[in-house]
Amino acid sequence: MIRQFAYSSSLAAFIAIASLGTPTLAPPANAAAQMQRTQAPGYYRLMVGSFEVTAVSDGTLDLPVDKLLSGSGKDTRALLAASHLGVPVETSFNSYLINTGKRLILIDAGGGALFGPRLGKLVENMKAAGYKPEQVDDIMLTHLHPDHVGGLVKEGAAAFPNATVYADRHDSEFWLSETNKTKEGDPDGFFAGAMASLKPYVESDRFKAFDGNTQFLEGISATSAYGHTPGSVVYKVESKGERLLVIGDLIHVGSVQFPKPDVTIAFDSNHDQAAETRRALFAHAAQSGVLLGGAHLAFPGLGRVRARENGYDWIPVNYSAGY
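A quick note: this is a predicted structure, and the numbers were derived from the prediction, not measured.

**Student:** What am I meant to see in the packing of aromatic side chains here?
**Tutor:** Given two aromatic rings, one states the distance between the centres and the angle between the planes to describe the pair. Taken as a whole and assessed by the stated rule, the structure comprises twelve aromatic pairs. A ring pair is formed by Trp-175 and Phe-190, whose centres lie 6.1 Å apart and whose planes are at 50°; its orientation type is tilted. With Trp-175 in helix H6 (residues 169-175) and Phe-190 in helix H8 (residues 190-203), this pair connects stretches of sequence that are 15 residues apart. With relative accessibility at 17%, the residue Phe-190 sits in the buried group. Here Phe-258 and Trp-314 contribute two aromatic rings whose centre-to-centre distance is 5.2 Å and whose plane-to-plane angle is 10°, an arrangement assigned as stacked. Of this pair, Phe-258 sits in the loop between helix H9 (254-257) and helix H10 (271-288) while Trp-314 sits in strand E16 (residues 311-316), and the two are 56 residues apart along the sequence.

**Student:** What exactly am I supposed to notice about the side chain of Ser-57 here?
**Tutor:** Note that Ser-57 resides in strand E2 (residues 51-63). Residue classification places Ser-57 among the buried positions, given a relative accessible area of 12%. Polar side-chain contacts of Ser-57 include one of 3.0 Å to the backbone nitrogen of Gly-59. Each residue touching Ser-57, except ones within four places of it in the same chain, is listed here: Gly-42, Phe-93, Lys-121, Leu-122, Asn-125 and Phe-299.

Rules behind the numbers
- Residues numbered from 1 in each chain as written.
- Predicted model: local features only at pLDDT ≥ 70, side-chain atom pairs only at ≥ 80, totals over all residues.
- Heavy atoms only, no water.
- Phe/Tyr/Trp six-rings, centres within 6.5 Å; stacked < 30°, edge-to-face > 60°.
- Helix = DSSP H or I, 4+ residues; strand = E, 2+ residues; numbered from the N terminus.
- Buried < 20%, exposed > 50% of the residue type's maximum accessible area, 1.4 Å probe, protein only.
- Polar contact = N/O pair within 3.5 Å; in protein donor to acceptor, adjacent residues only side chain to side chain.
- Contact = heavy atoms within 4.5 Å.

Structure representation (structure tokens):
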């Protein structure tokens, strides 16, 4: 009874005080905190078996995807709207660092200075993630488009002074050819960008072309994925039964090309082959559950696909604060 009385008395006192109203406090004299308008450094880590994988952002660009994707712009805008997106779409540009414990491998090198100040963040974000450019042993290129090779150089010199660069021979023989540049024309600078970016590595004999499916070292291999460019490849990272496929530009606009994998983009060299390659890889990924890493999927670009109707759903990796 004593405890009940004490509780009831306290409650009554609280109600009586509350009925008097809440006193008004004067706002502080200092101004509101300034908005920062920046994100945290662009990197995200996970483990694939015993390999540490770090997704690294090179930045973002706004792309008029309704004008770049095949099919009508109206259909594209409807699919974008279903994902709460409009046009242009702020598009991620992702690279991937693989630390095997023995070698540090970079897959794709970002756009460097070729696309203005919104790209070229790769080295800055690598350093924030704890790595230095001189620590990179190997650079594996999914293809030689400028947003994947521009970061290889800084002011004409190799940005990764100790690295050897690898690309499929079909791509190097096409994009590094002066004859092809003259024949095809180069209004967008794709040929010039590839030539300038690879020049210091070619001259120092640190560029190596390979032919199709290639095993580089234990746990790192390339598989032909032609269509987006003549020599596009997918890299498989495998350790202790876990796998990651780094798919480069196999897909650009997830909200459109996952539900409609036949949709292609203006940057594709061979549209039919690009669509066929995408369908085959997505079918394999959906059946196997393998982890994918995409260059232009929303950062960090890591996730899995699930089959539905005539297309696929994208399931991003669950966020982890560490391991």
